[in-house]
Amino acid sequence: MAASGGSIAIDVEVRDKATQTIRRLRGQVKDFGRDTEKAMTKVQKAGKKLDAFGKSAMKVGRQMSMKVSLPLAGAGAAAFKMASDFEASMTQIQSLVGLSAESVKGFEQDVLSLAGETARAPKELADAMFFVTSAGIRGSAATEVLAASAKAAAVGLGDTATIADLATSALNAYGSDVISATEATDVMVAAVREGKLQADELAGSMGRVLPVAAGMGVGFNEVGAAFASMSRTGTNANEAATQLRQIMVSLLKPTKQAEEALGTMGLSSEGLRTQMREKGLLSTLQTLSTEFDGNADAAASVFGNVRALVGVMDLMGANAATTATIFGSMADTTGTLEKSFGIAAQTTQFKLNAAISEFKTSMIAVGKEIIPVVLPMIQKLAAFIGGVVKAFSNLSGPMKAAIVVMGVMVTLAGPLAIGIGMVSAAFATATISAAAVLVPLGLAVAAFTAVAFVIGKFMSSNKEAKERQELLNDQLKAAEDPLTMVADRTAELTAEYEKLNGQYKEMTPEIDEFNGSNVLLAELLDRKVARAFKKV
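Because the structure is predicted, anything quoted here is derived from the model rather than measured.

## Remarks on the nonpolar core
For step 1, the next point in the chain: In terms of nonpolar packing, the biggest core is built from 93 residues, with Phe220, Val223, Phe227, Leu244, Met248 and Phe303 touching the most fellow members.
For step 2, the next point in the chain: Among all residues touching Phe303, those that are not within four sequence positions of it are Ile247, Ser250, Leu251, Leu288, Phe292, Ala308, Leu309 and Val312.
For step 3, the next point in the chain: Listed in part, the six residues of the second largest apolar core include Ala154, Phe341, Ala345 and Ala354.

Shown next as structure tokens:
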């Protein structure tokens, strides 16, 4: 009986200790759970903030790339290109014409200044200056030719280089003491105004007539008047140049038959040449027209060349009165260019071109600053690439083949990854749809496929995940206090478990004795000892 009482006391004591320990352990587990939940809540908030920050940073980065980085890179490349092109055009004047670097530098300033004033691009003016200087014109005279040509181009006479070519041809044919660049462009503008000529065709055709016309004393304004008169009947500038040239050549070097025909009229080629030099082309043609008196055979006997004959009939036939009027109008063309340029300068198109030219001038100035910085970098890059190519060429055949294959694999890696991702996405979608009607085994397979899909997606976006993980690590460091608290509580909980385990080991003999007592008690009860004691 004493043994049974001792066993019961041990049982109660053990149970009390276990209960207290379990209760304390439960409380610690609950505290641990709450602390963990709080910590995870903070981590989740930090993760959301980090995700929002990442999205904002990506958005800002995209906007900066599209609105700042790319435009700046494009503007820099454009400035570099404009400056290098302009430099190349001006360098031709030094390398091909033979001017000094100082002279070319002075022309650069003139060209850039004229760009905005005349609404012509700097490179266009630089190319035109090459023609001007190639014609032997120097200094302020060259700048004058360029300015007049640029204004004529702005009016619509053609590109500046073509006009400058004709203007310098006129100066060289007649002499700068006879005609100036401004006067030459005055005549060109007036010829277009009086006739039906294409401006760019006129500038490209008149030069073929000038050597003969200047040699025979025919003024540049008369040449322009003849072109305008012929165009009234539909003759283009190129054909007009051919006909007018043949008319003058026929009088300069007449055939024996032509000289005899002139003699029968009381005329001579020498007398006509003198009249042409002293009184002009129109006066000479009017004399011949009077002698011919509508006789085509007489005209053909003097002008045996068909083109010359057609030209004479064009000028002095039914169109004779109009020809005289045009020659009269073009006798004095002074100020024609300036008047036309003043009108053109008021148009929207001119103002737009002027703004664009100013912009290009500014870009050239920027490019000149960029070139010394960027050019060495490009040269180094070119040298590096050249070294790589040279090293590759020195490799053995198998090694070259291996490198090429590797390059192909790297090139195809991106498109292949995209293809795999698309296939995986399609397969995952189909799998998810099927999972809704599958049996539990099918659900397990679908889950496995979904996991595989997630892994595939993770691998396909590994770079992005790595970057976001690094940002998450930084954010987790900021949440160091709650995580440290969780770790400390976990350590405390482990210590309690170990302590409880030690207590159970210490109580093992008592528990064994208690179990033995219980067994003995059970046997006694089974043998009806209790009823026996009751009877006693």
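Once the structure has been displayed, the description carries forward.
## With respect to the environment of Leu157
For step 1, the next point in the chain: Considering the arrangement of structural elements, one finds Leu157 in the loop between α4 (139-155) and α5 (160-174).
For step 2, the next point in the chain: Counting along the chain gives 31 residues from Leu157 to Met188, while the straight-line C-alpha distance between them is 7.8 Å.
For step 3, the next point in the chain: Dropping the residues within four chain positions of it, Leu157 is found in contact with Ala152, Ile163, Met188, Val189, Val192, Ala199, Asp200 and Ala203.

## Quick look at the side chain of Arg120
For step 1, the next point in the chain: Looking at where Arg120 falls in the secondary structure, it is placed in the loop between α2 (101-118) and α3 (122-134).
For step 2, the next point in the chain: Taking relative accessible area as the criterion, Arg120 reaches 17% and is therefore assigned buried.
For step 3, the next point in the chain: In this view, Arg120 contacts Ala115, Leu125, Ala150, Ala153, Ala154, Thr160 and Ser357; residues no more than four positions away in its chain are not counted.

## Quick notes on the side chain of Ser269
For step 1, the next point in the chain: Turning to its location among the elements, Ser269 is positioned in helix α12 (residues 269-279).
For step 2, the next point in the chain: Given a relative accessible area of 6%, Ser269 falls into the buried group.
For step 3, the next point in the chain: Reaching out from Ser269, the side chain makes a polar contact with the side chain of Glu259 at a distance of 2.7 Å.
For step 4, the next point in the chain: Not counting residues within four places of it along the chain, the set of residues in contact with Ser269 comprises Leu251, Pro254, Glu259 and Leu262.

## A look at unusual backbone geometry
For step 1, the next point in the chain: Its identity is not glycine, yet Ala119 carries a phi of approximately 60°, on the positive side.
For step 2, the next point in the chain: Structurally, the position occupied by Ala119 is in the loop between α2 and α3.

## Focus on a nonpolar patch on the surface
For step 1, the next point in the chain: On the surface, Phe392, Leu395, Met399, Ile403, Val404, Val408 and Leu412 cluster together into a nonpolar patch covering about 570 Å² of accessible area.
For step 2, the next point in the chain: By the secondary structure assignment, Ile403 is in helix α19 (residues 397-435).

## Observations regarding the pattern of salt bridges
For step 1, the next point in the chain: For the structure on display, the rule yields six salt bridges.
For step 2, the next point in the chain: One salt bridge in this structure joins Lys368 and Glu108, with 3.3 Å as the shortest N-O distance. Taken as a pair, Lys368 in helix α18 (residues 348-393) and Glu108 in helix α2 lie far apart in primary sequence, 260 residues in all.
For step 3, the next point in the chain: By relative accessible area, Lys368 is classed as partly exposed at 35%.
For step 4, the next point in the chain: Among the ionic pairs, Glu194 bridges to Arg193, the shortest N-O distance being 3.3 Å.

## Looking at the packing of aromatic side chains
For step 1, the next point in the chain: Under the defined criterion, the tally for this structure stands at four aromatic pairs.
For step 2, the next point in the chain: Between Phe130 and Phe131, the ring centres sit 6.0 Å apart and the planes meet at 75°, which makes this aromatic pair edge-to-face.
For step 3, the next point in the chain: Here Phe131 falls in the partly exposed class, since its relative accessible area comes to 36%.
For step 4, the next point in the chain: Seen from their ring centres, Tyr174 and Phe220 are 6.2 Å apart, and the 70° between their planes marks the pair as edge-to-face. Taken together, the residues span a long stretch of sequence, with Tyr174 in helix α5 and Phe220 in helix α9 (residues 220-231) at a distance of 46 residues. Like Tyr174, the residue Phe220 is buried in the burial classification.
For step 5, the next point in the chain: Lying over the aromatic face of Phe341, Lys151 brings its terminal NZ or CZ to 5.5 Å of the ring centre.

Basis of the calculations
- Residues numbered from 1 in each chain as written.
- Predicted model: local features only at pLDDT ≥ 70, side-chain atom pairs only at ≥ 80, totals over all residues.
- Heavy atoms only, no water.
- Core = buried A, V, L, I, M, F, W, Y, C linked by side-chain atoms within 4.5 Å.
- Buried < 20%, exposed > 50% of the residue type's maximum accessible area, 1.4 Å probe, protein only.
- Contact = heavy atoms within 4.5 Å.
- Helix = DSSP H or I, 4+ residues; strand = E, 2+ residues; numbered from the N terminus.
- Polar contact = N/O pair within 3.5 Å; in protein donor to acceptor, adjacent residues only side chain to side chain.
- Patch = residues over 30% accessible without salt bridge, like charges linked within 9 Å, V, L, I, M, F, W, Y side chains within 5 Å.
- Areas by Shrake-Rupley, 256 points an atom, 1.4 Å probe, with all protein chains shown as cover.
- Salt bridge = Lys/Arg side-chain N within 4 Å of Asp/Glu carboxyl O.
- Phe/Tyr/Trp six-rings, centres within 6.5 Å; stacked < 30°, edge-to-face > 60°.
- Lys NZ or Arg CZ within 6 Å of the ring centre and 35° of its normal.

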